[in-house]
Amino acid sequence: MYELFTKLSSWMIPAIIVFIPLYAAMRRRIPVYETFVEGAKDGFGTAIAIIPPLVGMMVAISMFRASGAMDLMLSAVKPAFDWMGIPSEVVPLGILRPLTGAGSLAFTADLIQTYGPDSMIGRIASTIQGSTDTTLYVLTVYFGAIAVRRTRYALKVGLFSDIVGFFAAIAICLYIFR
């Protein structure tokens, strides 16, 4: 089963990158390059519009980590994860991932460097990184760019999806690689 997933994953992204422009050009008759250039021009305005919410989110994340609130939260949930047989080394990643993409990527890289890419912890961390999203970043940047103010339900659904992705990544890795 491992070999199947390895072969499939090595071909999936190149296939998607080739399929989408070909489908757009041949089947839908969309001028792919011209559409891309037009979208890139619109991206500059969007980039300027998202800077204020992005700065606010980065300050809030820095305050959360520097205040010790993240360490306090980790110490509260770590015994439960140890009891369930989930490697406690990946617990901070589950907390960091919805908050910050760069921080969670750095933490994942540190886990992989410490334990190795083929270790259970390295595989779980990589799978979590790919199966969850930076929910607060998405809400801040994308909703801020289009001036959405009521994000209550999107926040609940996004965080619930992150929790499901976190536990599903662990369960799948433990099933496939054990």
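Note: the structure precedes this text.
The rules behind each value
- Residues numbered from 1 in each chain as written.
- Predicted model: local features only at pLDDT ≥ 70, side-chain atom pairs only at ≥ 80, totals over all residues.
- Heavy atoms only, no water.
- Phe/Tyr/Trp six-rings, centres within 6.5 Å; stacked < 30°, edge-to-face > 60°.
- Helix = DSSP H or I, 4+ residues; strand = E, 2+ residues; numbered from the N terminus.
- Buried < 20%, exposed > 50% of the residue type's maximum accessible area, 1.4 Å probe, protein only.
- Lys NZ or Arg CZ within 6 Å of the ring centre and 35° of its normal.
- Axes fitted to C-alpha atoms, helices over the stretch in contact; angles between N-to-C directions.
- Parallel < 35°, antiparallel > 145°, perpendicular 65-115°, else oblique.
- Left-handed = near helix turned anticlockwise from the far one by under 90°.
- Contact = heavy atoms within 4.5 Å.
- Nonpolar A, V, L, I, M, F, W, Y, C, P; charged D, E, K, R; others polar.
- Expected span 1.5 Å × (residues − 1).
- Arc of directions from axis to C-beta.
- Salt bridge = Lys/Arg side-chain N within 4 Å of Asp/Glu carboxyl O.
- Core = buried A, V, L, I, M, F, W, Y, C linked by side-chain atoms within 4.5 Å.

Participant: Give a description of the packing of aromatic side chains that names residues and reports values.
Facilitator: The geometry of an aromatic ring pair is captured by the separation of the ring centres together with the interplanar angle, meaning the angle of the planes. In this structure the tally under the stated criterion is five aromatic pairs. On the numbers, 5.9 Å between centres and 85° between planes, the contact of Phe81 with Phe166 is edge-to-face. Pair noted here: Phe81 is in helix α3 (residues 69-84) and Phe166 is in helix α8 (residues 152-177), with a separation of 85 residues, a long-range link. Classification of Phe81 by relative accessible area gives buried; the value is 11%. On the basis of an interplanar angle of 5° and a centroid distance of 5.8 Å, the ring pair of Phe81 and Phe167 is categorised as stacked. Note that Phe81 is positioned in helix α3 and Phe167 in helix α8, a separation of 86 residues in sequence. The structure contains a cluster of three or more aromatic residues connected by ring pairs, namely Phe81, Phe166 and Phe167. When the ring centre of Phe177 is taken as origin, the NZ or CZ atom of Arg123, which lies over that ring, is 4.2 Å away.

Participant: Let's hear about the packing of helix α6 (residues 120-131) against α8: which residues, and what values?
Facilitator: Packing of α6 against α8 leaves a shortest axis separation of 9 Å and a crossing angle of 140°. Considered as vectors, α6 and α8 are oriented oblique to each other. By crossing handedness, the relation of α6 to α8 is classed as right-handed. Side by side, α6 and α8 meet where Met120, Arg123, Ile124, Thr127, Ile128 and Ser131 of the first sit next to Gly165, Phe166, Ala169, Ile170, Cys173, Leu174 and Phe177 of the second. Across the contact of α6 with α8, the residue classes break down as nine nonpolar, three polar and one charged.

Participant: A description of helix α5 (residues 101-115) should follow, citing residues and the corresponding values.
Facilitator: Along its 15 residues, α5 runs 21 Å from first to last C-alpha, staying within 8% of the 21 Å computed at 1.5 Å per residue. Burial in α5 covers these residues: Gly103, Ser104, Thr108 and Leu111. End-on, the buried residues of α5 take up no more than an arc of 135°, which puts them together on one face. Residues of α5 that are exposed and point more than 90 degrees away from the buried face comprise Ala102, Leu105 and Gln113.

Participant: Hey, could you go over the pattern of salt bridges for me, with residue numbers and the actual values?
Facilitator: One pass over the full model with this rule turns up one salt bridge. Asp118 is paired through a salt bridge with Arg123; the nearest N and O atoms lie 3.8 Å apart.

Participant: Tell me about the nonpolar core, and please be specific about residues and values.
Facilitator: Core analysis: the largest hydrophobic core is formed by 18 residues, its most contacted members being Val90, Ile124, Ile128 and Ile170. When contributions to this core are tallied by element, the ones reaching two or more residues are α3, α4 (91-96), α6 and α8. Setting aside its immediate chain neighbours within four residues, Ile124 contacts Pro87, Val90, Ile170, Cys173 and Leu174.

Participant: Before we move on, could you go through the packing of α5 against α6 and cite the residues and values that matter?
Facilitator: Any two packed helices are characterised by the angle at which their axes cross and by the distance between the axes. Across the interface, α5 lies against α6 with an axial gap of 9 Å and an inter-helix angle of 160°. Compared by their axis directions, α5 and α6 come out roughly antiparallel. The hand of the α5/α6 crossing is left-handed. Only Ile121, Gly122, Ala125, Ser126 and Gln129 of α6 make contact with α5, whose side of the interface consists of Gly101, Ser104, Leu105, Thr108, Leu111, Ile112 and Tyr115. In terms of residue class, the contact of α5 with α6 is built from six nonpolar, six polar and no charged.

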